[in-house]
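Per-entry structural report
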Amino acid sequence: MKLVFATHNPNKLKEVQQLFPEEIELLSLDDIGCFDEIPETGETLEENAKIKADYVTQMYGLNCFSDDTGLLIDALDGAPGVFSARYAGEQKNASDNMAKVLTELQNKTLRDAHFKTVIHLNLERHDYVFEGIVEGVITQKQHGSRGFGYDPIFRPKGYDGTFGELPPETKNAISHRGRAIQKLVSFLKNSTL
Ligand code: IMP
């Protein structure tokens, strides 16, 4: 079966493709000729995920899933949360975002945080929601250059390295997105294949 993943981000597509069985052909937004920047106007991760999946299903009549992710830091009352991409401004720059987080956490000993991914799936006129969480801490400075976004300053609980240092297979197996995608994949295997 063919399924649209509502993203323009090649890093995300690559990560997610590795977790899907061959029987499911994933198409990106660009693959279906959608070059629009879908507005993420929701106030929660759940709302934004639904907005993106509904946009594709309504405009193109296709089965589609979308994800929305946030980094939630305890000492910052859950910020940056839904604003994770543009925490330091509309330029959506990962280095600026990490610098802002590190400045705000300066001298803070409580550095617990978690990534949360919400997936919204529109499949044959029904919709389903899946969630994945990974707990960790924000490090004092950047470590490693793998991954993207906040990866170099997020160390998952139980690991010595940040997501910026860990191999992609390890990140995929335990990450917020990995866990949410695993739930989506087992649902699709049980329901459609
Ligand atoms: P999105 O909803 O997947 O686009 O994620 C929103 C923002 O959260 C991204 O722009 C990144 O700043 C951050 N983010 C999402 N996933 C990850 C990840 O796996 N590692 C680090 N940062 C991430």
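Refer to the structure printed above.
The structure presented is a predicted model; accordingly, all values stated were derived computationally and were not measured.

Evaluation of the coordinates by the stated rule reveals eight salt bridges. The closest approach of N and O atoms between Lys52 and Glu40, which form a salt bridge, is 3.5 Å. Here Lys52 is found in helix H2 (residues 45-60), whereas its partner Glu40 is found in the loop between strand S2 (25-27) and H2, with twelve residues between them in sequence. Glu131 is the salt-bridge partner of Lys116, the closest N and O atoms lying 4.0 Å from each other. With a gap of 15 residues between them, Lys116 in strand S5 (residues 112-123) and Glu131 in strand S6 (residues 126-138) connect regions that are remote in the sequence. The exposure class assigned to Lys116 is buried, which follows from its relative accessible area of 17%.

The ligand sits among 13 residues. The nearest are Lys12, Thr69, Asp151, Lys171 and Arg177. Contact distances for the ligand include 3.1 Å between an oxygen atom and a side-chain N or O atom of Asp68. Between the ligand and Arg177, the relevant distance is 2.7 Å, taken from a nitrogen atom to a side-chain nitrogen or oxygen of the residue. In the complex, the protein chains occlude 87% of the 470 Å² of accessible area that the ligand would expose alone. Those elements that provide at least two residues to the shell around the ligand are strand S3 (64-73) and helix H5 (176-192). Taken together, the residues of the shell around the ligand break down into four nonpolar, four polar and five charged.

For the rest of this paragraph, the subject is the side chain of Arg177. Structurally, Arg177 is set in helix H5. Residue classification places Arg177 among the buried residues on the basis of a relative accessible area of 4%. Here Arg177 is in contact with Lys12, Glu15, Val16, Asp67, Thr69, Thr117 and Phe148, once residues within four sequence places are set aside.

In a regular helix each residue adds 1.5 Å, so 16 residues correspond to 22 Å; H2 covers 23 Å between its end C-alpha atoms and thus fits that length. Those residues of H2 that fall on the buried side of the exposure criterion are Leu45, Asn48, Ala49, Lys52, Ala53, Asp54 and Val56. On its buried face, H2 sits against strand S1 (2-5), S3 and S5. Gly61 sits one or two positions beyond H2 and adopts a positive phi of about 65 degrees.

What follows is about the packing of aromatic side chains. For the structure on display, the rule yields seven aromatic pairs. With centroids separated by 6.3 Å and ring planes inclined at 25 degrees, the aromatic side chains of Phe115 and Phe163 adopt a geometry described as stacked. Of the two residues, Phe115 is situated in strand S5 and Phe163 in the loop between strand S7 (154-156) and helix H4 (168-174); the sequence distance between them amounts to 48 residues. No difference in accessibility class separates Phe115 from Phe163, as the two residues are buried. A network of ring pairs unites the aromatic residues Phe5, Phe20 and Phe65 as a single cluster. For the cation-ring pair, Lys171 lies above Phe163, with the distance from its terminal atom to the ring centre recorded as 5.5 Å.

With that settled, the discussion passes to the state of the cysteines. Enumeration according to the criterion identifies zero disulfides in this entry. Among the cysteines around Cys34, which has no disulfide bond, Cys64 carries the closest sulfur, lying 9.1 Å off. The exposure class assigned to Cys34 is buried, which follows from its relative accessible area of 0%.

The amide bond that connects Ala79 to the next residue, Pro80, takes the cis arrangement and shows omega of -5 degrees. Within the secondary structure layout, Pro80 lies in strand S4 (residues 80-81). Positive phi, normally seen in glycine, also occurs at Asp77, with a value near 55 degrees. Along the chain, Asp77 turns up in the loop between S3 and S4. Since its relative accessible area comes to 77%, Asp77 is described here as exposed. If you check the backbone angles, Asn107 has positive phi at about 65 degrees while not being a glycine. The residue Asn107 is located in the loop between helix H3 (94-104) and S5 in this model.

What counts, and where the lines are drawn
Starting afresh in each chain, residues are numbered from 1 along the sequence in its written order. Under the rules for a predicted model, residues below a pLDDT of 70 receive no local features and side-chain atom pairs below 80 are neither given nor counted, while totals for whole chains, interfaces and linings still include all residues. Side-chain calculation: all heavy atoms of the structure are included, whereas hydrogens and water are not. One side-chain nitrogen of Lys or Arg within 4 Å of one carboxyl oxygen of Asp or Glu is enough to make a salt bridge. Helical segments are the DSSP runs of H or I of at least four residues, strand segments are the runs of E of at least two, and each set is numbered from the N terminus. When accessible area is computed with a 1.4 Å probe and restricted to protein chains, residues below 20% of their type maximum are described as buried, those above 50% as exposed, and intermediate ones as partly exposed. Nearness is defined per residue: one heavy atom within 4 Å of the molecule or strand is enough. For this analysis, a polar contact is any N or O atom pair within 3.5 Å, provided that within protein one partner can donate a hydrogen and the other can accept it, and provided that sequence-adjacent residues contribute only side-chain to side-chain pairs. Per-residue accessibility takes into account occlusion by the displayed protein chains alone, with areas from the Shrake-Rupley method and a 1.4 Å probe. Gly falls in the polar group here, along with every residue not listed as nonpolar (Ala, Val, Leu, Ile, Met, Phe, Trp, Tyr, Cys, Pro) or charged (Asp, Glu, Lys, Arg). Working rule for contacts: check all heavy atoms of both residues, and any pair within 4.5 Å makes them a contact. Helix span, as expected, comes to 1.5 Å for every residue beyond the first. The rule is short: rings of Phe, Tyr and Trp, with Trp giving its six-membered ring, pair when the centres are within 6.5 Å, and they are stacked under 30 degrees, edge-to-face over 60, tilted in between. Note on geometry: a ring has a charge over it if NZ (lysine) or CZ (arginine) is within 6 Å of the ring centre and within 35 degrees of the ring normal. Two cysteine sulfurs form a disulfide in these notes if their separation is within 2.5 Å.

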